[in-house]
Number of protein chains: 2
Amino acid sequence: MASVSCKTLGIGLAGFGTVGSGVWNILARNGELITDRTHGSVNLEIRKVIVRDLNKFREADAPDEIFDTDLALLIEDPSIDIVVELIGGTQAAFHLVAAALKAGKPVVTGNKALLAERGKELFALSAEHKTPIHFEAAVAGAIPVIKAVQESFIGNRIESLTGIINGTSNYILQRMTEAGLGYPEALGEAKELGYAEADETLDVNGWDAAHKAILLASLSYGTLINYEDVYVRGIEMVTPLDIRFAKELGYVVKLLSLVRQHEDGSIEIRTQPSFISAKHILASVNGVFNAIAVKGDAAGESLFYGRGAGQEPTGSSVVADLVEAARLMEHGGTHRGFLPAEESPKLMPIEDTATPYYVRFKVTDRPGVIAEIATVLAEAGVGISGTHSPSNPEDPDADFVDMVFLLHKTPFGHLKETLAQVEALDSVTERPVVFRLEKL
Amino acid sequence: MASVSCKTLGIGLAGFGTVGSGVWNILARNGELITDRTHGSVNLEIRKVIVRDLNKFREADAPDEIFDTDLALLIEDPSIDIVVELIGGTQAAFHLVAAALKAGKPVVTGNKALLAERGKELFALSAEHKTPIHFEAAVAGAIPVIKAVQESFIGNRIESLTGIINGTSNYILQRMTEAGLGYPEALGEAKELGYAEADETLDVNGWDAAHKAILLASLSYGTLINYEDVYVRGIEMVTPLDIRFAKELGYVVKLLSLVRQHEDGSIEIRTQPSFISAKHILASVNGVFNAIAVKGDAAGESLFYGRGAGQEPTGSSVVADLVEAARLMEHGGTHRGFLPAEESPKLMPIEDTATPYYVRFKVTDRPGVIAEIATVLAEAGVGISGTHSPSNPEDPDADFVDMVFLLHKTPFGHLKETLAQVEALDSVTERPVVFRLEKL
Ligand SMILES: NC(=O)c1ccc[n+]([C@@H]2O[C@H](COP(=O)([O-])OP(=O)(O)OC[C@H]3O[C@@H](n4cnc5c(N)ncnc54)[C@H](OP(=O)(O)O)[C@@H]3O)[C@@H](O)[C@H]2O)c1
Ligand SMILES: NC(=O)c1ccc[n+]([C@@H]2O[C@H](COP(=O)([O-])OP(=O)(O)OC[C@H]3O[C@@H](n4cnc5c(N)ncnc54)[C@H](OP(=O)(O)O)[C@@H]3O)[C@@H](O)[C@H]2O)c1
């Protein structure tokens, strides 16, 4: 304690986009504060910034002469002690991170896609070269949930993680709920406001959230989860009608990432738009905020809430990791890194995961249809807890009506088989729409 | 990384009450999991337990032979590497912690009273003997808010901390709100359910929450705040009438701890029952749960929510600190301890802290009274944003009525002077009741 080393550590910043420039701004504004708060032991200096295009206009006030375009410089330059990867993608980023680890330079990254897809190789390199890789910024922006799972809850068996961890989707669903917008209009609005990227694919197809959930699950259970085995659905198919019905039934539609360990040790992990009670605390997570509920066997239920993305919120986590990296370099400590176990985790097949459901059928508007559907469900042993139909149908004379059934807890595989039978009925005119009712 | 040391660290546990036995249970149940999760590097064994009464029945299944009554044994016994202080109080606990630090044995404690009142001496000893003192369990049970402030938000200027950090008070206020109970009945209920201690003084007089806020503020601003300078009010004087009026006005009464740094660097710190909007996320923190909103200049707004007390939730934080202590011992690293700056912080005098207010007057029921009060307020330049009177007064023929004024933002000192003038009016029969309207 109070050991004052005046050595300044050189930071090499790969990427100067949203997050990279945020890191620059925070260090420029609060660098001295950090040195103060660490009793003089942490001095960080960004010595090189690598971008693609040297001619691009940059808001942040960094001197031209530290900019370059060759990522390899960060490895070669001996004045760079720590490499920060904020370029995104999984190709160049992989090569950079791997090279830094091999060169014994600690890495800080915010790249969840990279870690979810190539974490196995990178964590192995980190272990082999005894060089840490820090990634708090990869999950939920400013929210220190990685640290919570890895450090604060280390004495807990993690029973479940439930998160709203994609701000773009959350914003879109919120606008659809509040303003009755359709998906394309809400997406357009999110883009205009800068809440969705030019390419919104990974945000709205669920994979950005899934990548984060995979990382959290991997850390929680000490074993890397293969992203190809994970069930992921996005919000593109969510309709204003289902959002309206959700509201009428006391629910809210959220893109929910869920991780749960079952009694037999198997892990349930999935990301999909789901119905949650409008009264649950997660239902009030709006806009670009993120929240993750963590349940530990000792700690009980906790919730972490904050800005899930953005320049400085994400930069805040990168800077925290830089300070951590600096401390570890200072005293050469081992790092609370992640060394996944050899054996793969037992994932629960999606067919076996059971919840209650909301199912909407489009049916011919004639007597007996409900009875027909109810009969198929009854024969399959799928219990009905309620039904719902539009309180004020837009066109009362239409030939087809929407009919909602709320179903008791059923394994998803059995539900699918049963719904295939319902779909075969003459009176059912479209593929049924299914949402899980998530009891949190 | 992946360095496997098989050394087992000996833990000396002072106190085997609520939290001490929780620590025992967690290590008994999850000790192996911890070793697994730390790749074999952390093995913890409780080797001695110190209590007052050896004959007391203990639920937790710890062997008799490790129990003793002499705290000094934890210092003398060379098989004890880390001392856990969970006896409470500030006398024996101070001597134990000081002795452990002097002997170079890292300390883990959950004792906020000790740190708030004698932290200065203890942190100095910690620095002098290069021996860490860990205290995550001292604030908000299972919620890792100390780590958040000290580590995750290290790159942030902490703009404010707002917390509901005493579960007992929160439970009592909730029951008063939900069930219309009076304070004594709600307290009685809390005691029956084990949510309030036999001696509830520190919980209901605000000091338990204040101790925690003082600790958080001290860590945030790198300087120890003198507890005698802090404004603290408890919930004993909160009446069902004010709770009812709060509800009618769209507010909820919460025991709120607030820390805020102003532009001039001065720190506002106070704990008192306050009105907050019923729609704010903190308003839905119920029962024995705690929540702390932290606002950093980079991270923006975050919220940490969880179990604020109790056997295993608090034990969970103690165990996390034990693992941290073990890691630091393993590689001899400096610790992210707390070395307060020499100079005292500039606290904002309570008279200067300004908010809007709810003020309830008991007045003679005759025409002209409102005008009289309003005139005094107007002459003092205190703006009125609204008035409120009972929607259905219990006794419509009473000589006195309750009259609520909602006042614009005013420094507390000026409000007090102004209210003294109002109180001097003949028509005002009692000392006015004041609550702050906290805009969060
Ligand atoms: N944005 C967020 O809120 C957020 C939150 C959490 C995590 N993240 C993660 O943080 C990373 C960065 O995100 P971002 O939003 O900051 O991205 P961004 O705004 O698109 O910025 C990317 C930066 O990397 C540079 N770059 C890209 N490829 C490069 C290459 N091959 N060689 C050199 N420079 C290259 C770009 O250079 P030019 O400037 O010349 O184009 C740009 O400066 C991603 O992994 C993302 O998932 C982002
Ligand atoms: N309870 C919570 O939820 C909670 C939450 C956060 C922090 N904390 C803090 O944790 C600490 C412990 O709280 P607790 O609720 O566990 O207290 P507790 O239930 O009253 O237990 C206190 C324990 O300490 C022992 N003890 C007290 N004085 C002693 C002395 N002079 N010498 C030897 N043993 C002594 C008692 O022995 P006997 O068993 O023989 O009486 C008992 O085992 C306090 O600082 C408290 O503020 C508690």
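In this text, all values refer to a predicted model and were calculated from it rather than measured experimentally.

A. The pairing of strand β4 (residues 82-85) of chain B, seen in detail. Residue and element names in this part refer to chain B. Side chains of β4 alternate between two faces, with I82 and V84 and V83 and E85 buried alike. Both β4 and strand β5 (residues 107-109) contribute to a ladder of three bridges, which runs parallel. Residue E85 lies in a different strand from β5, and its bridge partner there is T109. Assessed by its sense of winding, the connection that carries the chain from β4 through helix α3 (residues 92-102) to β5 is right-handed.

B. Layout of the interface of chain B and chain A. Taken together, the contact between chain B and chain A spans 60 residues of the former and 60 residues of the latter. Taken over both partners, the interface formed by chain B and chain A buries close to 5,100 Å², and the fraction arising from carbon and sulfur atoms is 56%. Our count for the contact surface shared by chain B and chain A stands at four salt bridges. Note that E151 of chain B is salt-bridged to K147 of chain A, the shortest N-O span being 2.6 Å. On inspection of chain B and its partner chain A, the count reaches 18 residue pairs in polar contact (both at pLDDT 80 or more). When contributions to the side of chain B that touches chain A are tallied by element, the ones reaching two or more residues are α1 (18-37), α4 (112-128), α5 (145-152), α9 (207-221), β12 (300-307) and α11 (311-331) of chain B. A per-element tally of the side of chain B that touches chain A places α11 of chain B first, with 10 residues. Partitioning the side of chain B that touches chain A into residue classes produces 27 nonpolar, 20 polar and 13 charged.

C. Examining the sheet that holds strand β4 (residues 82-85) of chain A more closely. All names here are of chain A. The parallel open sheet is built from six strands, whose spatial order is β3-β2-β1-β4-β5-β6. Every interior strand has two partners, whereas the edge strands, β3 (67-68) and β6 (133-134), have only one. As defined by bridge partners, strand β2 (residues 43-50) adjoins β3 across two bridges and the pair is classed as parallel. Residue I50 lies in a different strand from β3, and its bridge partner there is D68. Packing of helix α1 (residues 18-37) onto the sheet brings it into contact with β1 (8-14) and β2, and relative to β2 it is tilted by some 160°.

D. Region of interest: the site of ligand 2. All names here are of chain B. As a structural note, the neighbourhood of ligand 2 is formed by 23 residues, with F16, D53, K56, R58 and G310 the closest of them. Backbone polar atom of F16 to an oxygen atom of ligand 2: 2.8 Å apart, as the coordinates give it. One of the backbone N or O atoms of D53 is found 2.8 Å from an oxygen atom in ligand 2. Starting from 900 Å² of accessible surface for ligand 2 in isolation, the protein chains cover 81%. A breakdown of the residues in the shell around ligand 2 according to their chemical character gives 10 nonpolar, eight polar and five charged.

E. Just the packing of α1 of chain A against helix α11 (residues 311-331) of chain A, in detail. Residue and element names in this part refer to chain A. Their axes nearest at 8 Å, the elements α1 and α11 cross at an angle of 60°. In terms of orientation, α1 lies oblique with respect to α11. Regarding α1 and α11, the two cross each other, and that crossing is right-handed. Taking contact as the criterion, the partners of T18, V19, S21, G22, V23, N25, I26, L27, R29 and I34 in α1 are, on α11, Q311, E312, T314, G315, S316, V318, V319, L322 and V323.

Rules used in this analysis
Residues numbered from 1 in each chain as written. Chains lettered and ligands numbered in written order. Predicted model: local features only at pLDDT ≥ 70, side-chain atom pairs only at ≥ 80, totals over all residues. Heavy atoms only, no water. Buried < 20%, exposed > 50% of the residue type's maximum accessible area, 1.4 Å probe, protein only. Helix = DSSP H or I, 4+ residues; strand = E, 2+ residues; numbered from the N terminus. Pairing = 2+ DSSP bridges. Right-handed = clockwise from strand over helix to strand, strands pointing away. Contact = heavy atoms within 4.5 Å. Buried area = accessible area lost by both parts, 1.4 Å probe. Salt bridge = Lys/Arg side-chain N within 4 Å of Asp/Glu carboxyl O. Polar contact = N/O pair within 3.5 Å; in protein donor to acceptor, adjacent residues only side chain to side chain. Nonpolar A, V, L, I, M, F, W, Y, C, P; charged D, E, K, R; others polar. Axes fitted to C-alpha atoms, helices over the stretch in contact; angles between N-to-C directions. Near = heavy atom within 4 Å. Areas by Shrake-Rupley, 256 points an atom, 1.4 Å probe, with all protein chains shown as cover. Parallel < 35°, antiparallel > 145°, perpendicular 65-115°, else oblique. Left-handed = near helix turned anticlockwise from the far one by under 90°.

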